[in-house]
Amino acid sequence: GFKTCVLTNNWVDDSAGRLFTAALMNLLRRHFDLVIESCRLGARKPDPEIYAYALDALEAKPQEV
């Protein structure tokens, strides 16, 4: 089978709408094998570090994704 991953450039949301954002992220997590959020990792696209992290977490090679 296939593994699915969401790789986001997001930020820590301290706005009044943060509960909606949190609920949305929880809904997304149910539909994907992995959700990688840049704000939690400390790297963001297009930094190669975030892609290397995703590959490692998925146990995949670049040519496989």
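Rules of the game
- Residues numbered from 1 in each chain as written.
- Predicted model: local features only at pLDDT ≥ 70, side-chain atom pairs only at ≥ 80, totals over all residues.
- Heavy atoms only, no water.
- Buried < 20%, exposed > 50% of the residue type's maximum accessible area, 1.4 Å probe, protein only.
- Helix = DSSP H or I, 4+ residues; strand = E, 2+ residues; numbered from the N terminus.
- Arc of directions from axis to C-beta.
- Contact = heavy atoms within 4.5 Å.
- Polar contact = N/O pair within 3.5 Å; in protein donor to acceptor, adjacent residues only side chain to side chain.
- 1 Å grid on protein atoms, 1.4 Å probe; cavity = no way out; pocket = protein on both sides within 12 Å on 5 of 7 lines; lining within 4 Å.
- Points joined across faces, edges and corners; volume = space filled by probe spheres on them.
- Nonpolar A, V, L, I, M, F, W, Y, C, P; charged D, E, K, R; others polar.

As named in an unreviewed UniProt entry, the protein chain is Bifunctional epoxide hydrolase 2, taken from Pygoscelis adeliae.

Caption draft 1: Summary view of helix α3 (residues 48–58). Considered for burial, the residues of α3 that qualify are Ile50, Ala54, Leu55 and Leu58. The arc that holds the buried residues of α3, viewed along the axis, is 140°, so those residues lie on one side. Along α3, exposed side chains directed more than 90 degrees from the buried face belong to Pro48 and Asp56. On its buried face, α3 is in contact with β1 (5–8), β2 (34–37) and α2 (38–41). Sitting at the head of α3, aspartate 47 places a side-chain oxygen 2.9 Å from the backbone nitrogen of glutamate 49. Residue glutamate 59 follows α3 closely and has a positive phi angle near 55°.

Caption draft 2: Just the layout of surface pockets, in detail. Within this model, the largest pocket holds a volume of roughly 320 Å³. Lining the largest pocket are 14 residues, and of these Asn10, Trp11, Thr21, Met25 and Glu37 sit closest to its centre. Among the elements of the structure, α1 (18–29) and α2 are those that each provide at least two residues to the lining of the largest pocket. Looking at which element gives the most residues to the lining of the largest pocket, the answer is α1, with six residues. Counted by class, the lining of the largest pocket contains five nonpolar, four polar and five charged residues. Taken as a whole, the second largest pocket holds about 220 Å³ of empty space. Together, Lys3, Cys5, Tyr51, Ala54, Leu55, Leu58, Glu59, Ala60, Glu64 and Val65 line the second largest pocket. By residue number, the principal contributor to the lining of the second largest pocket is α3, which donates four residues. Partitioning the lining of the second largest pocket into residue classes produces seven nonpolar, no polar and three charged.

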